[in-house]
Amino acid sequence: GTMPEQGLDAAVLNLIEKTLEENVDLDGLYRRLEKAGPADEVYAALVDAAWLLWACLEGATNSQRRLRLVEIMQACVKDKKIDRRHAMEVFEHDCMQAAGLLNDKELEVWKRKEVRFNTKTAYTQSKFNLLREDSEGYAKLITCLNHFGEQALSAETVKVVFHEVQALIGYFDLDPNRVLDLVLEAGVQQPDNAGYVNMLPLFKADAVVHLLGFKFQQYQRSDGPPPPDNLFMFAAHLVSSGKISLDALCGHLSPSDDSLRSQTAAATTSMRAAVDDIGTVNLTSNAAALKSETGATDRPSDANLSRDRMLKSSALDLDPTPFRAKMLPANIGNNQKLGLVLSLIRRGDMTSAGLLMDVLEAAGLPAAAWPPVAAALCEAVTPDVARAHRAIAPNGLRSVCALGAPVAAAEPTCDGADSALSDETVKLLRRLGTFLHTDVVLLTQVIRVLRHQVQLHCTAVLDPDIDNNSMLEPDSEALSVRERVESLLSSVVMPACQLVPSNVALQSELWGLLKMFPYQSRFRFYQIHKEVSERSAYLTAASKMATREVRKVLKRLARPERDEAGRERRDTKQAMRPYARMLAKAAHACPIQVSEVLVQLVESYSNQIEPITDALKYVTPYAFDVLTYVVLARMAMDRPKIKDDGINITDWLQNLSTFNAAVCRKYNDMEISAMCQLLTNALRAGDAFDLLVLKDLNEVLTGIVVHSEVSDKQLEGLAGGRELRERAIVSSNEERERSSKAWARGSRRLLAALQHGRPERHLALPLLVLLAQQRH
């Protein structure tokens, strides 16, 4: 198509096109060209028009018009209507040959000269002049770029400095890529200076990424030092400002995804092997060590042996921190992707950091496992958590906190908006996961904030007896807050608390949050936490270390001796007291695993019931709640409850029932209502063997012994007054020694468990009906 008619170029182009279409003679074309404008301008436009039409008329369909164009160009060259110099600057090789400007021999010479000129211009490197232009130009460039203090590069002076850099490149013939490298070096020295970041878009973006990646590649030797922190910070500054692409930069960082995946797999295998060795005994190494010791020294005396075998609380090894280093591949400090993640977090670019952490987690390496990244994440969430915590306790931790008061009595500044954690903080806490244990103060503040959120918003949705669908919309704030708190509890808070050994204050804070939930939710948390611990090698290490130390303590527990009157001797009780403290110390961080060890031992050995029950005197309420869950979980397991004779109950169920009753009698922190609910469900399912648990509970709490046959004297006693009836029912001397107040307290506890919840949810009447059905 023709170009629009505007200016001299368009007019000349239209004249040539009409000449081609209408077969106008050359004289008519010359007359029209003379009328178009000044001769010099017209002939210059004629050259451009002829070149454009030559390029447009390529192809077999335009052969006739192209031949006509060749005739016109040859005539114009012959009649000197076209300037030869101008035409040779514009025309292609074939166009010059067709117009008669060059013959075949001249065309070959022209091509050789063109190739020689292009090679000299584009590919010949100028010699480095050490004494003159190059050294002087780069010296001026370095001086121009590296200013500090008030004269440092700023956003206002970027364009001025760039024009000066351009002038130095042109005047001293400097290599642009080397100039860009010096700009990057200057930016690395001042990674927080935005002036260098704003200056880089004036160069090619691909060149910036490649040169920056080349700087990282210089530090990829396994035996070399890691890249400097300023290089990571400057790269993070470029990524966060959008000047370079994160994917393009990661292609230059080491290790590659495949290499990282293989390294992480090897580290995981080594970690699992180390965790599996916890608690195992290598007899060969022990024998060799004993042989070397006995060969070098004399045999130790019995007094020294007894002193060495005494277990001390300080000797308990409960800290799993050494296993954290085994989770990481070798030379983790040279992992440049982790270094970039650390710098992005410090820059506050959580979006880019999250994308890179997803890549690392896909390769099997959690970024928070590296201590610097975990510390940076803790620093990132601390301001928001501290803000929410100040809203709860504005006068600090030692003041009266709104957590301990009802919501109505809370201070007016402690509203939901002030004490709520932001969505970004919740995401970062999930990124931290179990590694939140590295900052115990932050972990404690998170627990208190979550507790306040539950207290403030979730009171109406915590009671399992309330029909939530009839009272609240599914997308209500209370349900969303509850889901968020439960998610953080299961995936972050409880696993992190497991990795903080022997911190009873932290466990008390956790129990203050957990006890606000009903036991159904708490037991669900325990089950999820148990599954998470089994999947994580780090948590498994903490669990196995705790169970190993507990077994050491259990070996030293003994049944208290009694005097002639049947009372426990005071000296034996005092001797067992340190071991009870050690048991509680080991159970603080890992109550689930410790409780399982205790219950399994009790199920196998009935003589361990009394010493273990006495040793639980220093255990926290949180551990007792977990013990309740473990006992009920062991009772609900699919195991035979009748011996092979088909008559007698298995030993494990008898021992477990006796142990459960003894603990419930001695300690008030066991959840008896959960036991009653389990028994009710078992009776509804037709399983009557668990009635043994209810029978033992009834005996130890109320003193009422169930007799299959009642004697005549007992019948006469039941016809008497209250004291006579109690003596007729309570048969053992030990139980008679207990005061009537103790029996009354036990009866009230059992009655409260049976009347837990709303009246229509009480278990007393359904349990009575189920018992009657079993009897008949």
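Our structure's up above, just so we're on the same page.
The paragraphs below set out a description of the structure included in this document.

Here is what the cut-offs are and how they apply
- Residues numbered from 1 in each chain as written.
- Predicted model: local features only at pLDDT ≥ 70, side-chain atom pairs only at ≥ 80, totals over all residues.
- Heavy atoms only, no water.
- Helix = DSSP H or I, 4+ residues; strand = E, 2+ residues; numbered from the N terminus.
- Buried < 20%, exposed > 50% of the residue type's maximum accessible area, 1.4 Å probe, protein only.
- Contact = heavy atoms within 4.5 Å.
- Areas by Shrake-Rupley, 256 points an atom, 1.4 Å probe, with all protein chains shown as cover.
- Core = buried A, V, L, I, M, F, W, Y, C linked by side-chain atoms within 4.5 Å.
- Patch = residues over 30% accessible without salt bridge, like charges linked within 9 Å, V, L, I, M, F, W, Y side chains within 5 Å.
- Salt bridge = Lys/Arg side-chain N within 4 Å of Asp/Glu carboxyl O.
- Lys, Arg positive; Asp, Glu negative; His and termini not counted.
- Charge placed at Lys NZ, Arg CZ, Asp CG, Glu CD.
- Phe/Tyr/Trp six-rings, centres within 6.5 Å; stacked < 30°, edge-to-face > 60°.
- Lys NZ or Arg CZ within 6 Å of the ring centre and 35° of its normal.
- Expected span 1.5 Å × (residues − 1).

A count of helical and extended segments in the protein gives 42 helices and zero strands. Among the 776 residues that make up the protein, the fraction classed as buried is 45%. Intrachain contacts of the protein at a sequence separation of at least 6 include 74% that bridge at least 24 residues. Of the roughly 41,600 Å² of accessible surface on the protein, 52% is carried by carbon and sulfur atoms.

Here we come to the nonpolar core. Ranked by internal contacts, the top residues of the largest apolar core, which has 187 residues, are Leu340, Leu489, Tyr526 and Leu616. Ignoring anything within four residues of it in the chain, the contact list for Tyr526 reads Met494, Trp511, Leu514, Ile592, Tyr622, Asp625, Val626 and Tyr629.

Where like charges cluster on the molecular surface, the positive patch consists of Lys18, Arg31, Arg32 and Lys35. Among the elements that line the positive patch, the one with the most residues is helix 2 (residues 26-36), at three residues. Structurally, Arg32 is set in helix 2. Judged by relative accessible area, Arg32 falls into the partly exposed class, the value being 33%.

Here the distance between the centres and the angle between the planes together describe a pair of aromatic rings. Scanning all chains against the criterion turns up twelve aromatic pairs. Seen in terms of ring centroids, Phe162 and Phe203 are 5.8 Å apart; in terms of plane orientation they differ by 90 degrees. Their pairing is edge-to-face. Here Phe162 is found in helix 9 (residues 158-172), whereas its partner Phe203 is found in the loop between helix 11 (194-199) and helix 12 (205-217), with 41 residues between them in sequence. By the burial criterion, Phe162 is buried, and Phe203 matches it. Among the aromatic residues, those joined into a cluster by ring pairs are Trp511, Tyr519, Phe523, Tyr526, Tyr622 and Tyr629. Positioned above the aromatic ring of Tyr138, the side-chain terminus of Arg178 is 4.0 Å from the ring centre. Sitting above the plane of the Trp652 ring, Arg639 keeps its charged end 3.6 Å from the centroid.

Before going further, it helps to spend a moment on the side chain of Gln190. Looking at the element boundaries, Gln190 is found in the loop between helix 10 (176-189) and helix 11. Aside from chain neighbours lying at most four places away, what touches Gln190 is His147, Phe148, Ala152 and Tyr196.

Following the criterion strictly, the structure yields 23 salt bridges and no others. Ionic pairing is found between Asp358 and Arg431, a salt bridge with its closest N-O pair at 2.7 Å. Residue Asp358 is located in helix 20 (residues 350-362), and its partner Arg431 is located in helix 23 (residues 423-432); the two are separated by 73 residues in the primary sequence. Judged by relative accessible area, which is 37%, Asp358 ranks as partly exposed. For Arg431, a relative accessible area of 24% corresponds to the partly exposed category.

Take the environment of Gly242 next. Looking at where Gly242 falls in the secondary structure, it is placed in the loop between helix 13 (229-240) and helix 14 (246-250). Classification of Gly242 by relative accessible area gives exposed; the value is 58%. For the pair Gly242 and Val197, spaced 45 residues apart in sequence, the C-alpha separation works out to 9.8 Å.

Right, let's get into helix 30 (residues 537-554). Its 18 residues place the ends of helix 30 25 Å apart at the C-alpha level, agreeing with the 26 Å of an ideal helix rising 1.5 Å per residue. Counting buried positions over the 18 residues of helix 30 gives 14, a clear majority of the element.

This part covers helix 2. Three or more residues of helix 2 are buried, namely Gly28, Leu29, Tyr30 and Leu33. On its buried side, helix 2 packs onto helix 1 (7-22), helix 3 (39-56) and helix 4 (63-78).

Geometrically, the link from Ser254 to Pro255 is a cis peptide bond, its omega value of -5 degrees lying close to zero. Within the secondary structure, Pro255 sits in the loop between helix 14 and helix 15 (257-276). A positive phi angle, near 60 degrees, is found at Ser502, a position not held by glycine. Relative to the elements of secondary structure, Ser502 occurs in the loop between helix 27 (477-498) and helix 28 (504-514). Residue classification places Ser502 among the partly exposed positions, given a relative accessible area of 32%.

Next up on the list: a nonpolar patch on the surface. On the surface, a nonpolar cluster with roughly 240 Å² of combined accessible area is contributed by Val710, Leu715 and Leu718. Tracing the sequence through the fold places Val710 in the loop between helix 37 (691-702) and helix 38 (712-718). A relative accessible area of 43% places Val710 in the partly exposed class.

Turning our attention to the environment of Lys215. Tracing the chain through its elements places Lys215 in helix 12. Looking at Lys215, the relative accessible area reads 5%, which means it is buried. Measuring from C-alpha to C-alpha, the distance between Lys215 and His252 comes to 9.3 Å, with 37 residues separating the pair along the chain. Contact partners of Lys215, with chain neighbours within four places excluded, come to Asp181, Leu184, Glu185 and Leu231.

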